[in-house]
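# Remarks on the overall topology
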Amino acid sequence: MTLKLRDLSLKPDLFGNGHGLCAGCAEPVSVRQILSALENPPVVALATGCLEVSSTRFPDTTWKVPLIHSAFENSATTISGVEAAYKALVRKGRMEDRPLTFVVFAGDGATYDIGFQWLSGALERGHNFVYVCLNNEGYMNTGIQRSSATLLGAWTTTTPSGDARPGKPEWHKDMTKIVAAHGIPYVAQAASHNWKDLITKVRKAEQADGPAFINVLTPCDRGWRFEPEKTMEVSQLMVEAGLWPLYEVVNGKYKMTGARQKKRPVIDALLSQKRFSHITKNADDATIAGIQAKVDEEWDALQALCNMPVAAE
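Residues numbered from 1 in each chain as written. Predicted model: local features only at pLDDT ≥ 70, side-chain atom pairs only at ≥ 80, totals over all residues. Heavy atoms only, no water.

### Some words on the nonpolar core
Of all hydrophobic cores here, the largest spans 58 residues; its most connected members are Tyr131, Phe213 and Leu243. If sequence neighbours within four positions are ignored, Phe213 has contacts with Thr111, Leu119, Tyr131, Cys133, Met175, Thr176, Val179, Ile184, Tyr186, Val187 and Ala188. Counting 31 residues, the second-largest nonpolar core is a separate cluster that includes Cys25, Trp63, Tyr186 and Ala188. (Core = buried A, V, L, I, M, F, W, Y, C linked by side-chain atoms within 4.5 Å. Buried < 20%, exposed > 50% of the residue type's maximum accessible area, 1.4 Å probe, protein only. Contact = heavy atoms within 4.5 Å.)

Here it is, written out as structure tokens:
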């Protein structure tokens, strides 16, 4: 598909000005890219989180699309109900049958943790919607607590660094592969800095016959501890270090959409974020070596999946 920035720039901005998100936040950048990529009018379910509380402050709203605010955990169920109600109303002749795209925006806390069973159920039932996880690797809205998306070794307010432990002690959950295991038509990982890759994946997700899921890395300058102007640079470093590979799963077939080789060691990405300063002050820190080893292991496993032959029909 052909994507031109000029064409996208001429489309109406469906996420306007006046939100209260932090300077340097990657979320509004990704939301604007995603909404501009959609070819059909969107109907949005929005989970509680940074994006919701900062863009829907009564009596104002930043959104220029139909939107329903869900609780923290149930945005997937909400959009399932909206999609099912729409089909029922069309079937009964009470609404016009026209192209619409049902979309969820939710953070990693609402996706990986609190809303996991709700999302899994919606995927299993096969509702037709696009679920976007804006992944900033923590509960940033409520005070920078760890989530199961938070990287090993990261400082958060619930995994502080000190003599007892060097930040978060657990490896992060691989939510993208967990979702892919549901056998849905389209699953992908994307990152805020790579607009063309993200928009291409949104177009594919919108065209999928059934549920689609896109996990978007959206660095948080407050939680990750970097200067606001460095957001896209940090996003790129995470991808180049192999900490966030760009790939998609189309009808069960894995495909890399980013580089097939890691361009940097993980230390380059960790040094860009002060949430890792307690381990990066010592280049020989065992935690860094552990992160690098795990990244290498997962990278090799992903490459193997992408190189698997397509099963004969």
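### Section: the sheet that holds strand β4 (residues 130–135)
Read across the sheet, eight strands follow the order β2-β1-β3-β4-β6-β5-β7-β8 without closing on themselves; strand pairing throughout is mixed. One side of each edge strand has no neighbouring strand; the edge strands of this open sheet are β2 (67–69) and β8 (253–256). Adjacent strand axes in the sheet meet at a mean angle of 15° when their direction is disregarded. Across three bridges, strand β1 (residues 42–46) lies against β2 in parallel orientation. Across the sheet, the residue bridging to Val44 is Leu67, located in β2. This element, helix α2 (residues 27–37), spans β1, β3 (101–107), β4 and β6 (212–217) of the sheet and lies at about 160° to β4. Across the sheet, helix α4 (residues 75–91) lies against β1, β2, β3 and β4, angled at about 170° from β3, the strand it touches most. (Pairing = 2+ DSSP bridges. Helix = DSSP H or I, 4+ residues; strand = E, 2+ residues; numbered from the N terminus. Axes fitted to C-alpha atoms, helices over the stretch in contact; angles between N-to-C directions.)

### Let's talk about the side chain of Thr156
Tracing the backbone through its elements, the reader meets Thr156 in the loop between β4 and α7 (175–180). A distance of 2.6 Å separates a polar atom in the side chain of Thr156 from a polar atom in the side chain of Thr159. Leaving out residues up to four positions away in the same chain, Thr156 has contacts with Ile144, Gln145, Arg146 and Thr150. (Polar contact = N/O pair within 3.5 Å; in protein donor to acceptor, adjacent residues only side chain to side chain.)

### Examining the environment of Lys294
As for its position among the elements, Lys294 is in helix α13 (residues 286–306). According to the relative accessible area criterion, Lys294 is partly exposed, its value standing at 26%. Sequence spacing of Lys294 and Trp171 is 123 residues, and the spatial spacing of their C-alpha atoms is 8.7 Å.

### Concerning α13
With 21 residues, α13 should cover 30 Å at 1.5 Å per step; its first-to-last C-alpha distance of 30 Å lies within 8% of that length. Taken together, the buried positions of α13 are occupied by Thr287, Ile288, Ile291, Gln292, Val295, Trp299, Leu302, Gln303 and Cys306. Along the long axis of α13, the arc covered by the buried residues comes to 135°, so they all point the same way. Opposite the buried face of α13, at more than 90 degrees from it, the exposed residues are Ala286 and Asp300. Looking at the buried positions of α13, the neighbouring elements they touch are α7, β7 (247–250), β8, α11 (266–271) and α12 (277–280). Its side-chain oxygen placed 2.7 Å from the backbone nitrogen of Thr287, Asp285 serves as the N-cap of α13. (Expected span 1.5 Å × (residues − 1). Arc of directions from axis to C-beta.)

### Here's the deal with the side chain of Gln303
Summarising the element assignment, Gln303 is placed in helix α13. On the accessibility criterion, Gln303 (12% relative accessible area) is buried. Once you skip the residues sitting within four places of it in the chain, Gln303 turns out to touch Met256 and Arg260.

### A look at the pairing of β6
Taken across its six residues, β6 has six buried, putting it largely inside the fold. Across the two faces of β6 the burial is the same, with Ala212, Ile214 and Val216 and Phe213, Asn215 and Leu217 all buried. In terms of strand pairing, β4 meets β6 through six bridges, oriented parallel. The partner of Val130 across the bridge, within β6, is Ala212.

### Quick word on unusual backbone geometry
With an omega of 10°, the peptide bond running from Phe58 to Pro59 counts as cis. With respect to the helices and strands, the residue Pro59 is situated in the loop between α3 (50–55) and β2. Not every positive phi belongs to a glycine, and Glu137 is a case in point at roughly 60°. Mapped onto the elements, Glu137 comes out in the loop between β4 and α7. Phi is positive for Ile144, which is not a glycine, with a value near 65°. With respect to the secondary-structure elements, Ile144 resides in the loop between β4 and α7. The buried category is assigned to Ile144, whose relative accessible area is 10%.

### Some words on the UniProt feature "domain: Thiamine pyrophosphate enzyme TPP-binding" (unreviewed entry) in the protein
According to UniProt, the positions carrying the feature "domain: Thiamine pyrophosphate enzyme TPP-binding" (unreviewed entry) are residues 48–216. Helix and strand shares over residues 48–216 are 34% and 16% respectively, and the end C-alpha atoms of the span are 17 Å apart. (UniProt positions renumbered as here; feature names shortened; annotations may be inferred.)

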